[in-house]
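Tertiary structure, described
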Amino acid sequence: MVVFGLYPLYKAVETSLYKKNAATRKLIFAPDFNWGKVFLDERVWNALFNTLMYTGIALFFQLVLGMLIALLLDSDRKGYALMRALMTLPLVIPPSVTAMMFLLMLNGSFGVLARGLVALGFIPPGFPILGDSSTAMAGVLLAEIWQWTPFMVLIMLAGLRSLPKEPFEAAAIDGATPVQAFFKLTLPMMSKVIAIAVLIRGIDLMRAFDYVKVMTDSGPGTATETMTSYAGRIYFGNADFPYASTISLLTLILVIIASTAFMRIFKVKL
């Protein structure tokens, strides 16, 4: 905890209190410079909006698809155990490899997904999905949702398998339909499991970097720039370590505030 958690956090806080001199490339102690600058930076607000949109859309689709697939796989019939095992395969692929895979599949010239969209009439031939500001975010989200929906499936399956059977048997005797049983019994009893899954994925999504960096490099322009990708661009591109640390710390503060509020509202205990 000290070596890999507390010390890096301390160094980030310390670095954010300095200002980089562009001429001499030396750090000057100026505690209010970066923190005053970060709230006036329009790119920070754009990155924050993109981060929240990215998190919200990805969470929605991962949760809905995760629950639907979990309901389909919640069976002891032959072959279902194998399908549940195969669902974990996307999780073992490094995110950067997944991003490169979708980068190729969405290529307007030869990508299989791009050609499929052309065949369906959604886009014209040769359309640069990841090179257009109106579709680039959707392309990145597609890779994110594909890779991490199985995580939601595993959590939902564990929750479904732990539910008692007696309430469902009683509901069936009373004439309740499967849909009524799902909304009246399954969802209420699964509320804590769903809340924990949303919290874990939400925190991870707020730190989105790999897919954005590999697939669009925050472009076109700043259409897919998130808080972490902007901090990375400042750090590696401009070598402005103090300002990059400030943006990263701001992201951390926002994650802590959002997760704490979520845990109190939904009474989640980890």
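Below is a summary of the structure that appears in this document. No experiment lies behind these values; they were computed from the predicted model shown.

All right, on to the nonpolar core then. Within soluble globular proteins, side chains that are nonpolar generally end up buried alongside one another. Ranked by internal contacts, the top residues of the largest apolar core, which has 43 residues, are Tyr-54, Met-156, Met-190, Tyr-211 and Met-215. Counting residues per element, the ones that place at least two in this core are α3 (42-73), α5 (95-105), α7 (136-162), α10 (191-205) and α11 (210-215). With 12 residues, α7 is the largest single contributor of residues to this core. Once residues lying within four places of it in the same chain are set aside, the contact partners of Met-190 are Met-67, Met-156, Gly-159, Leu-160 and Leu-163. Residues Val-44, Ala-47, Tyr-243 and Leu-250 belong to the second largest nonpolar core, which totals 12 residues.

Right, let's talk about the pattern of salt bridges for a bit. Evaluation of the coordinates by the stated rule reveals nine salt bridges. As a salt-bridge pair, Arg-161 and Asp-76 come within 2.9 Å of each other at their nearest N and O atoms. Within this pair, whereas Arg-161 is found in helix α7, its partner Asp-76 is found in the loop between α3 and α4 (80-86), the two being separated by 85 residues in sequence. Of the charged contacts in the structure, one is a salt bridge between Arg-207 and Asp-204, with a shortest N-O distance of 2.6 Å. On the basis of relative accessibility, which here comes to 25%, the residue Asp-204 falls in the partly exposed class.

Enumeration over the complete set of coordinates arrives at nine aromatic pairs. Summarising the aromatic geometry, the rings of Tyr-18 and Phe-29 are spaced 5.4 Å apart at their centres and angled 75 degrees between planes, so their arrangement reads as edge-to-face. Of this pair, Tyr-18 sits in strand β1 (residues 18-20) while Phe-29 sits in strand β2 (residues 27-29), placing them 11 residues apart in sequence. Tyr-18 gets classed as partly exposed once you look at its relative accessible area, which sits at 26%. When the centroid spacing of 5.3 Å and the interplanar angle of 85 degrees are considered together, the rings of Phe-60 and Phe-61 count as edge-to-face. The partly exposed category is assigned to Phe-61, whose relative accessible area is 38%. Just above the ring of Phe-33 sits the side chain of Lys-19; from NZ or CZ to the centre is 4.7 Å.

This part takes up helix α1 (residues 2-16). An α-helix turns once every 3.6 residues. As a result, residues three or four positions apart point the same way. The end-to-end C-alpha separation of α1 is 20 Å, in line with the 21 Å expected for 15 residues at 1.5 Å each. All of the buried residues in α1 are Ala-12, Thr-15 and Ser-16. The inward-facing, buried residues of α1 contact β1, α2 (33-38) and α13 (241-265).

What follows is about the environment of Thr-55. Tracing the chain through its elements places Thr-55 in helix α3. In this structure Thr-55 comes out as buried when scored by relative accessible area, which is 8%. Spatially, the C-alpha atom of Thr-55 lies 12 Å from that of Met-227, the residues being 172 residues apart in sequence. For Thr-55, the contacting residues outside a window of four places in its chain are Gly-202, Leu-205 and Met-206. A polar atom in the side chain of Thr-55 sits 2.8 Å from the backbone oxygen of Thr-51.

Quick look at unusual backbone geometry now. With an omega of -5 degrees, the peptide bond between Gly-219 and Pro-220 qualifies as cis. Examined against the element boundaries, Pro-220 turns out to sit in the loop between α11 and α12 (227-237). One non-glycine residue, Ser-218, lies in the positive phi region at around 75 degrees. Residue placement: Ser-218 occurs in the loop between α11 and α12. Exposure remark for Ser-218: the relative accessible area of 2% places this residue in the buried category.

About the cut-offs
Residues numbered from 1 in each chain as written. Predicted model: local features only at pLDDT ≥ 70, side-chain atom pairs only at ≥ 80, totals over all residues. Heavy atoms only, no water. Core = buried A, V, L, I, M, F, W, Y, C linked by side-chain atoms within 4.5 Å. Buried < 20%, exposed > 50% of the residue type's maximum accessible area, 1.4 Å probe, protein only. Helix = DSSP H or I, 4+ residues; strand = E, 2+ residues; numbered from the N terminus. Contact = heavy atoms within 4.5 Å. Salt bridge = Lys/Arg side-chain N within 4 Å of Asp/Glu carboxyl O. Phe/Tyr/Trp six-rings, centres within 6.5 Å; stacked < 30°, edge-to-face > 60°. Lys NZ or Arg CZ within 6 Å of the ring centre and 35° of its normal. Expected span 1.5 Å × (residues − 1). Polar contact = N/O pair within 3.5 Å; in protein donor to acceptor, adjacent residues only side chain to side chain.

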